[in-house]
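# Topology and contacts: notes
Each chain is listed here by its residues.
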Amino acid sequence: MKKRLLPLLFLFGAVAVTSCVRTEDIDLLKQPIHVQGEIDPNLGVPIAEGQMTFSDVFSLLSSTYSGLVDPDSNTITIYYEATKHDSIMAGNLITMPAMTKGTLVSVDTTIGYSVNINLFDDVSMQDIVDGNIDINHFFVNLNVGLVGRCGTNVSQGMKDTINSFVTAVFDSLVVTYEDHNGVVHTKSDVDMTPSVVRLDTIVDHYKSFSIKADMADIVNSMPRRVSAAIRFRFDIDESIFNLSFSNITYFNQLMDSIKLTKLIYDADLKVEFPFDIHIGYLPYSFTLDLGEGGLSSLNLDSMAAALGDADVDVELKESDLNFRFVNGIPMNINIATWMLDENKIPVGAPLIADTTIAASGTIDVGDNTAEADPANPTTTLVTMKLNKEMLDRLKQTRYMRFDMALHTNTGHVKIKKTDYLNVKALVKLHPSLNIDIPVTDDGLL
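Below you will find a few notes about this structure. Within every chain, residues take consecutive numbers counted from 1 along the sequence as written. With pLDDT at 70 or above as the cut-off, local features in this predicted model cover only qualifying residues; side-chain atom pairs require 80 or more to be listed or tallied, and sums for whole chains, interfaces and linings still use all residues. Note that water and hydrogens are dropped before the side-chain values are worked out from all heavy atoms of the structure.

### Points about the sheet that holds strand S6 (residues 134–135)
Ordered by their spatial adjacency, 5 strands build an open sheet running S6-S14-S24-S21-S20, and the pairing between neighbours is mixed. Of all the strands in the sheet, the pair left with one neighbour each is S6 and strand S20 (362–366). Two strands form a pair only when DSSP identifies at least two bridges running between them. The way it works is that DSSP assigns letters per residue, a run of H or I at least four long becomes a helix, a run of E at least two long becomes a strand, and they are numbered from the N terminus.

### Considering the nonpolar core
With 90 residues, the main nonpolar core has Phe-138, Phe-170, Leu-173, Phe-323, Phe-325 and Met-400 as its most contacted residues. With near-sequence residues (within four places) excluded, Phe-323 lies in contact with Thr-337, Leu-351, Ile-352, Thr-380, Leu-381, Val-382, Met-384, Met-400, Phe-402, Val-423, Lys-424 and Ala-425. Among buried residues, those of type Ala, Val, Leu, Ile, Met, Phe, Trp, Tyr and Cys that are joined through side-chain atoms within 4.5 Å constitute a nonpolar core. The cut-offs for exposure are 20% and 50% of the maximum accessible area for each residue type, with area from a 1.4 Å probe on protein chains only; residues under the lower value are buried, those over the upper are exposed, and the others partly exposed. Contact criterion: two residues are considered in contact whenever any of their non-hydrogen atoms come within 4.5 Å of each other.

### Considerations on the side chain of His-278
Relative to the elements of secondary structure, His-278 occurs in strand S14 (residues 276–278). Residue classification places His-278 among the buried residues on the basis of a relative accessible area of 16%. A distance of 3.4 Å separates the side chain of His-278 from the backbone oxygen of Asn-409, its partner in a polar contact. Excluding anything up to four places from it in sequence, His-278 contacts Asn-132, Ile-133, Asp-134, Thr-408, Asn-409, Gly-411 and His-412. N or O atoms within 3.5 Å of each other form a polar contact, as long as, within protein, one can give a hydrogen and the other can take it, and as long as residues adjacent in sequence are counted only when both atoms are side-chain atoms.

### Considering the packing of aromatic side chains
Put simply, two rings from Phe, Tyr or Trp (the six-membered ring, in Trp's case) pair if the centres are within 6.5 Å, and we call them stacked under 30 degrees between planes, edge-to-face over 60, tilted for the rest. Applying the stated criterion across every chain, the model contains 7 aromatic pairs. Residues Phe-325 and Phe-402 carry aromatic rings whose centres are separated by 6.3 Å and whose planes lie at 90° to one another, so their mutual orientation is edge-to-face. Placement of the pair is Phe-325 in strand S17 (residues 319–327) and Phe-402 in strand S23 (residues 399–407), with a sequence separation of 77 residues. For the pair shown, Phe-325 and Phe-402 are each scored as buried. Members of the aromatic cluster, joined through ring pairs, are Phe-286, Phe-323, Phe-325 and Phe-402. We call a charge positioned above a ring when the Lys NZ or Arg CZ atom is no farther than 6 Å from the ring centre and deviates by at most 35 degrees from the ring normal. The ring of Phe-139 carries Lys-212 above its face, with NZ or CZ at 4.3 Å from the centroid. Above the ring of Tyr-399, the side-chain terminus of Lys-344 is found at 5.0 Å from the ring centroid.

### A short note on the pairing of strand S9 (residues 184–187)
Across 4 bridges, strand S8 (residues 166–178) lies against S9 in antiparallel orientation. In the strand pairing of S9, Thr-176 is matched with Thr-186. A loop of 5 residues connects S8 with S9, the two strands running antiparallel in sequence, and Gly-182 in this loop sits at a positive phi of about 90°.

### Quick look at unusual backbone geometry
Along the chain, Thr-193 connects to Pro-194 via a cis peptide bond; the corresponding omega equals -5°. Phi angles above zero are rare outside glycine, and Asp-189 is one such case at about 55°. Tracing the backbone through its elements, the reader meets Asp-189 in the loop between S9 and strand S10 (196–199). For Asp-189, a relative accessible area of 78% translates into the label exposed. Positive phi is not limited to glycine here, since Asp-204 has a value of about 65°. On the secondary structure map, Asp-204 appears in the loop between S10 and strand S11 (207–214). Judged by its relative accessible area of 32%, Asp-204 is partly exposed.

Below, the structure written as structure tokens:
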């Protein structure tokens, strides 16, 4: 209805002034008449959205990562585990010199196992040094289960006697590890918890225990292999001499007399390290797939057509490309953003060259360590002017790549499974529409 009203208004105005117009005005009215003007609508168009969690960074450290993430830990905790099942003949656990009362001594032996660690396979030690990366804890857990077996035809009374006088003792954990450069190191006198384990009643009764040691200095060498061995020996209560064993000359004869023949054990070695970490610099990239066709559908011609006239000429005027980053990770993030075509080749220069995304708000959890406050993420808005050239580049874009460098403030931070970085890209268009709508084809006169 408005389009019909415009010609009538102009025709009325022309007729009203024909009596007083000049010759050149009459000539003007003989020409085609157009209504000209400018409209400035504001349009916001979301073009990409994605989210990165810190667990995605594992692929940076190793493309063949085979470790596990502890499902029971809120802090992201990586662990590797291996189990060994073996037995020890009791006759191999004795001393051979003649014994005297009160000096029953067994031979020391060890129980342990090794695990290979491939998390750091794709990282060089120079990267670790340059990045000033420090992990706060590296726990070595050794779990041992043990049961003693007697020979055939041994009475329950004899088994009870053995259980009364024989104790298995474990102490002196030794950890050996191969560092990132292949050099093997041995750490003795490890401070393990508990420091000594004593197992009583071991015949026909499966007994188990766990020990734990924190060896953070190992993980900061980015090890490829870790081994743990704990010393094992028998303690025999000297009151056993009150029993009427005959012809006991050696400790092995004592063992033969009480008929303890074999020890069967399981050793489970688990190394784990929670991402309680300090990072000076850790590079990482992730890519958003914008879907089939990418941003080719972002077409201003269709916008003009939607306004109802093919002759509307649209030019961009003070239009913006906006990136909104919501950071729920307790790390600062330096970021650069690239547009990529369908072959993942950059389309021109980076959209964002070097911008810092502030770390989330944090909660102090003690030990000079903080964690993200889930109620206090930070929001950073990065805005750039959008011209026709950049719009054409956007229309060639299938992917967006975000190159990041993560770094903490002072101290350590715990990285939780729920920590995230959310990215949203929007085009805010402020086009200038130069309207040229024909009113008449031949003029009014």
